Amino acid sequence: YAKEETIHDIEEAADGRMWVSTPNGLFELIDNRLIMVADVIKSKGPVPLLSKGDSLWVGGVQRVSLFIKGEIVQDISFYSPGRTFAHTARASSIM
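Now for a look at the structure at hand. The structure displayed is predicted, hence computed values, not measured ones. (Residues numbered from 1 in each chain as written. Predicted model: local features only at pLDDT ≥ 70, side-chain atom pairs only at ≥ 80, totals over all residues. Heavy atoms only, no water.)

## A look at the nonpolar core
At step 1: Counting residues in each nonpolar core, the largest one holds nine residues, listed as Ala13, Trp19, Leu26, Ala38, Val47, Leu49, Leu56, Val58 and Phe67.
At step 2: Once residues within four sequence positions are removed from consideration, Trp19 is found in contact with Asp9, Ile10, Glu11, Ala13, Leu26, Phe27, Glu28, Val37, Leu49, Leu56 and Gly70. (Core = buried A, V, L, I, M, F, W, Y, C linked by side-chain atoms within 4.5 Å. Buried < 20%, exposed > 50% of the residue type's maximum accessible area, 1.4 Å probe, protein only. Contact = heavy atoms within 4.5 Å.)

## Description of unusual backbone geometry
At step 1: In this model, Asp31 sits at a positive phi of 50 degrees, which is unusual for a non-glycine residue.
At step 2: Tracing the chain through its elements places Asp31 in the loop between strand E3 (25-30) and strand E4 (33-38).
At step 3: Note on Asp31: relative accessible area 71%, which makes it exposed.
At step 4: Positioned with a positive phi, Lys69 is a non-glycine residue whose angle comes to about 55 degrees.
At step 5: In this structure, Lys69 sits in the loop between strand E7 (63-68) and strand E8 (71-77).
At step 6: Its relative accessible area of 53% is what places Lys69 among the exposed residues. (Helix = DSSP H or I, 4+ residues; strand = E, 2+ residues; numbered from the N terminus.)

See the structure below:
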């Protein structure tokens, strides 16, 4: 039984790799199959992707993660002090 996935974003990297974000993680599309790379996303809302050269920026709940060649190298957390929605703050667009 396969888990159903909702695709949030698809991004093609400069090296031709195809990245796919879903509520359950970051995947690479290889031979028409989604191969999980990281389950760091876990988000009900949009999970934007932005590719620049070897870098892939992934937006998520209270953070933006940087992957280089499929490996996470930096996790940037953010929050909104004094706001009641701080636990749901998310990056919904990366440019």
